[in-house]
Structure formats: structure tokens, C-alpha cells
Amino acid sequence: MHTWLCYADVICCVLFFLAIVGYVAVGIVAWTHGDPRKVIYPTDSQGQFCGQKGTKNENKPFLFYFNIVKCASPLVLLEFQCPTPQICVKQCPDRYLTFLNAHNSHDFEYYKQFCMPSFQNNKGVAEVLRDGDCPAVIIPSKPLFQRCFPAIHTNRGVLMVGNETTYEDGHGTRKNITELVEGAKRANMVLEARELAMQIFEDYTVSWYWIVIGLVIAMVLSLLFIILLRFLAGIMVWVMIVMVVLVLGYGIFHCYMEYSRLRGQAGSDVSLVDLGFQTDLRVYLHLRQTWMAFMIILSILEVVIILLLIFLRKRILIAIALIKEASRAVGHVMCSMLYPLVTFFLLCLCIAYWASTAVFLSTSNVAVYKIFDDTSCPLSGKTCNPETFPSVNESRQCPNGRCQFAFYGGESTYHRALLGLQIFNVFMFFWLANFVLALGQVTLAGAFASYYWAMHKPDDMPAFPLFSAFSRALRYHTGSLAFGSLILAIVQIIRVVLEYLDQRLKAAQNKFAKFLMVCLKCCFWCLEKFIKFLNRNAYIMIAIYGTNFCTSARNAFFLLMRNIIRVAVLDKVTDFLFLLGKLLIVGSVGILAFFFFTHRIRIVQDTALPLNYYWVPILTVIIGSYMIAHGFFSVYGMCVDTLFLCFCEDLERNDGSLERPYFMSPELRDILLSSQAGKQEEVEEE
């Protein structure tokens, strides 16, 4: 067993490189067969792109649906294509017309541009509508993402399209247009979401400059905070704690003032349940209940933090000593603060390769044509050839059938393997992303371990500790990193499959299946968290001793179990302090962004931005600030974890004598050992 574990890393290293070669081959094949235009541009019933240069529809950028009501059919969810004729047009209809009224009138020339390109005016009205050569009715529409959607509005509570409330069908019967509108409304369900997306995109185009400035401010604050920790760790930690309490206190005060200001205003007492979901989130800020909810959440968070500070006050002193030691280590390896940029760059490469490969794989299908028939036809849904369909037997069995473009697919071996290739693409993304993160952890752990195990700091340290650790990780530990990231990737891909199955089972009424699915998701979530924790400490042991992954994971696990009290007290208290630091930076930048984007403050004249939703740039700044702060504090977190494991190992290997002296600094030794002696005295007294 031990011999197998010794070769496990080597085997995994070989598999990792073979998988990368296969991943590159999959990308090349996908790029050869794929066509991203199928995602960007709409296609007509013949599979031709609308508005693409070099095609017959070059001057027709918009897609027009003959009967958009049918787009609400469940068939759309199965085949991603509306079961109605579609053509590319120069412009969307801007008026209401029926084929019956337009026929033999001066409006017919305008109407013909919405008929099939092969339409010849040599049939009767009933034959034209039966053969699907022209739509029965056109209604005023607006283009959205190069598709024509009905311009629906209300007039005194009545649904209307244009100025009409009735229309004539193909048989001359006058019908209420509300029926058509209701169907179009169902087909238009995604329209509001798309409009919301467009408004959010507009907000980004207007505010991106100030968002970047906000993120730069967050980066400067994070860097300044880290530099001050280097020299004033104790003071900065206490300042950070006080500032977090004050920021939360101000948030509670602001929520109370807004709650009081809305007292007596019309409509402010409407409950959130009665209001329901609104796409314009600014509506919620005019409700007293919203500010009451914010105030309660912030108050609970404030009380929890204060109670933790009271009960952990002694532990915080020990954690400050560990942070001071980490500050000295970071001070001797200052380039480690820039390493998260390397990790970020490599992760961006992984994401870009995965996303582009996924797009090319999903668009590498060929055009598939199927028989569409509104009546009960046994051949409906079967594949067909549009060129030969009128003369073959299928057209006689389905006289009302149409052979039109359905979706992009294929029957070849490559097309049948597309699903497997997509799964392989996702799996390789998880494996590579976890490998990049593992490489960063081993590199930082190796650099900080070289500081700890140097007897005479910093004279005994390597000249370039970070570069030395990075080269050692790639040269000697690639297999170990691949092994650890492979285990994590397998668990993550299982979680993805469980999420997919959960979505498929949501409509099921089997309560046992739902319960089992919830249990499985919970178990694998816990398993992923445990593996991440174990991998992180295993990588530290790899950086210290250079052992294989399994040996390092086992040694790290038992070392932590032998020092479980220290793990709970020191390691987690420092994590809590770092979390407060992130909250301080995010809260400060978030408050500044809130006052700026809500026009409470103006840096210069005429900086009021015409935003649809001011929460869009505010949330972007807050999330971006947290990611930036997390990147800087992750270096400190890795340093603290490395020094902590080194400290535990130092205590077990050495006793402080001349023959086996401690490698820890005198300051760290005094406060940690004195706290341990105090605990032993308390136990003896009890």
C-alpha cells in the first residue's frame, strides 16, 4: 500500500499531462467544427443567419416570427426553435395589418416583405395561409437582440398592440386581439428580463469609469492596510475591530433615519409580501419594512461581533502575536503580495479556454430540419430534407406539414459524443482551476516555510524565496498537486451532476427522492469543504518536507488533530480578524459608492450619472472590493496557516534545548508557550 502511494503522484502527473493533451485536442476539434455566430445571430427557418455579411440575408438583420404565440409552446424548450415559420427582414412591422385586408390593396407591397422569399402571388388567400407562405397578421413590433417582439402596452387597463383591439384571422372572422396578446405575452416572458439586462448593461457603460475608480480605491486601501500591518499589527487589528463596529453602527443609524423619514408617507407601509417582486429594486427603498429588515440584520451582526470580541478577547491577543509574526514573514517576502495576480491570470486563462471551448462545442452542430405540422401528423417531428420534401412521400402523408429548420445537431459519431465532450470540458476546467489554486498555495507555503525554518532570520533564507518555492513546486510536486486537485475536481463534478438532477426532479412529486437529493447535496458540500481544508494543509506539508500528497495529507491531518485546541483558538480567531478586515474595506468603499451613485455627494460638478438602477454599480464595487481584499488577505491567511503548522511541528520536533532549539521567533514563543502554561495551571487548579 505504501509503495502504491509513492507512485500515485507519478501516475497522476502522467495522467494530468495526458489529460491536458486531450483537452487541447478537444479544443482544436471544437474550434474546427464550431461557429459562434449561431449563438450571436438569429437564424431563419432555413438555418440562414440574419444580418451576416456575405449571406443572402446581409441586409436583413432582424428575425420575424409568423405566429409568435407558438413560441410559448413547450416544443421551444425541447428544440430551442419556435414551431412557426421565421424569416429575416430589414425592419420589424410598425403597423397592424392582416393578410386578408392587405391582399389586393396598396398595403400589399409592404406586407410582402414579411412573406417567405419564395412567395408568388398566384394563390388564393386560404392556400397562402395553409402553405405558410405569409403570416395571417402582422402587428407593431420592436427589435430586441435582432428579434421582432410585439410592442405590447396597456390603455386604461386593456392590453393592446398598436391601436387595435381586434383582428381578422385567415377565415375572415373578427377576433379579440387580447387572445393574440395573451399568447404573445407568454412568448414575451423573457422580454422583461432582457430589457432588464439591457438597462443593466447601459448602467455599466455609463458608470464603468467610476466603478474602476472604486475598485482602485479598494486596492489602495487593502495594500495600505497590509503595509500598516507590517509595522503596526497590534494597533491596526484593534483599529480594525473598532472601525468595523463603528461602520455597522452607522449602518444601523442610517437605516433608522430612513425608517423614520418614511413615517407617514403614502405607500411606505406596504409590506414586502404584498408588493411582490419588482424589477425596479428602487421601489423597495421607499418601504419602511425594507429599512426595518436592514436594521434588524445589521443589529444582529453587530451583537454577534461584540459578543465574539468579549469572549475571545484573550485569544485575540494570541492571534495578534501570530499576525505580527506573519507580518514579519510577509515583510521578508514582499513579492508574495503580488502572487495573487499570477493566480488570477492563470485562472482567467482557464476560464477563457473553458468558455471558448464550450461555445465552440455547442455550436459545432449542423442544421437539422424537421417536419412541423399544426395538425395530428404521425411524421411530425421527424427529420427531413427541405430540398426534396415537396416531392417525397412524407409531404403527402402530412399535407399541412412544413420542412423547416429545427435546431443544430447531427447524427455522426462526433455529434453523438458532444455531451461527453462538454462534461470532459467542465471536468478539466475544475481540475486545472484547482491545480492553479494548489500551485499558489504550495508556492506561498514554501516561501513562508523558508522564513520559519531559518535559524537566523533573514540571513538563512534563500535569495528569492518565492521564485525558489515556485520552481520547486513545478519541478518536484506537480504530481502531488495534480492528485489533490483531481480528488477535489471529482467531488465538484459530482456536485454539478447532483444540481442538474435536482433541477430535473423539481417537478417530481416523489418526496423521498427530493429528501435523498437534499441529503446527497449536503454530504458532498461538506465533503468538498473538508477536502479543501485537508488539501490546503497537505500542500503546506508538501512545501515543508517534499513528501507525496497522501503522506502529507495524513501527516497534516494527525498533526492538526494533536493540536485541535490550537487550531480552534488561534487559526480560526485569525480568520475572524481577517474577515473583519475585509468587511472594513468593503464597508468603507461600499458606503462611499452608495453616497456617490445616489448623488448624496459629488466629487466634481456635473458628475450625476443617468443610471437606471444605482444598485448595479454599487453592488459591482462591493463585490469587486471584497474580491480584491480577499486576494490580499489570502496571502496573510496562507502565511498564518503555514506558520501555525510549522509552529506545531516545531513543538513536536524540538524542546528548546541547545541540541534541539526552537525555530520560532522569541516573541512568538513567549506568548504561545506562556498561554499554554496558563491553561495547564487552570486545569491543575480545577
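Residues numbered from 1 in each chain as written. Predicted model: local features only at pLDDT ≥ 70, side-chain atom pairs only at ≥ 80, totals over all residues. Heavy atoms only, no water.

Operational definition: UniProt positions are given in the numbering used here, feature names are shortened, and annotations may be inferred rather than shown by experiment.
As annotated in an unreviewed UniProt entry, the protein is Choline transporter-like protein from Cricetulus griseus. On record in UniProt, under Function (unreviewed entry), the comment for the protein is "Choline transporter." Word for word, the UniProt comment on the protein under Subunit (unreviewed entry) is "Interacts with COCH."

Concerning the environment of aspartate 94
Heads up, the rule is: The way it works is that DSSP assigns letters per residue, a run of H or I at least four long becomes a helix, a run of E at least two long becomes a strand, and they are numbered from the N terminus. Contacts are assigned to residue pairs that have any heavy atoms within 4.5 Å of one another. Between N or O atoms, a polar contact is any pair within 3.5 Å; within protein, one atom must be a potential hydrogen donor and the other a potential acceptor, and residues adjacent in sequence are included only when both atoms are from side chains.
Tracing the backbone shows aspartate 94 in the loop between β2 (86-89) and β3 (97-98). Separated by 45 residues in sequence, aspartate 94 and isoleucine 139 place their C-alpha atoms 7.1 Å apart. Once you skip the residues sitting within four places of it in the chain, aspartate 94 turns out to touch Tyr110 and Pro140. Separated by 2.7 Å, the side chains of aspartate 94 and tyrosine 110 make a polar contact.

Describing helix α12 (residues 313-332)
Note the cut-off: By this rule, a helix spans an expected 1.5 Å times one less than how many residues it contains. Relative accessibility under 20% of the residue-type maximum defines a buried residue, over 50% an exposed one, and the middle range a partly exposed one, all with a 1.4 Å probe and only protein chains included.
With 20 residues, α12 should cover 28 Å at 1.5 Å per step; its first-to-last C-alpha distance of 29 Å lies within 8% of that length. Taken together, the buried positions of α12 are occupied by Ile316, Ile318, Ala319, Ile320, Ala321, Leu322, Ile323, Glu325, Ala326, Ser327, Ala329 and Val330.

Side note on the side chain of serine 485
Position of serine 485 relative to the elements: it lies in helix α18 (residues 478-505). Within polar-contact distance, the side chain of serine 485 engages the backbone oxygen of leucine 481 at 2.7 Å. The contacts of serine 485, once residues within four sequence positions are left out, are Trp431, Asn434, Phe435 and Tyr539.

Re the confidence of the model for the protein
Just so we agree on the cut-off: You can read pLDDT as the predictor saying how much it trusts each residue, on a scale of 0 to 100.
On average, residues of the protein score 78 in pLDDT, and 82% of them reach the 70 mark or higher. Here helix α3 (residues 75-79) is the element of the protein with the lowest mean pLDDT, 44, and helix α16 (residues 418-452) is the one with the highest, 91. Across residues 156-181 the pLDDT falls below 50, and counting only partners more than four positions away or on other chains, this stretch makes 59 contacts in the model.

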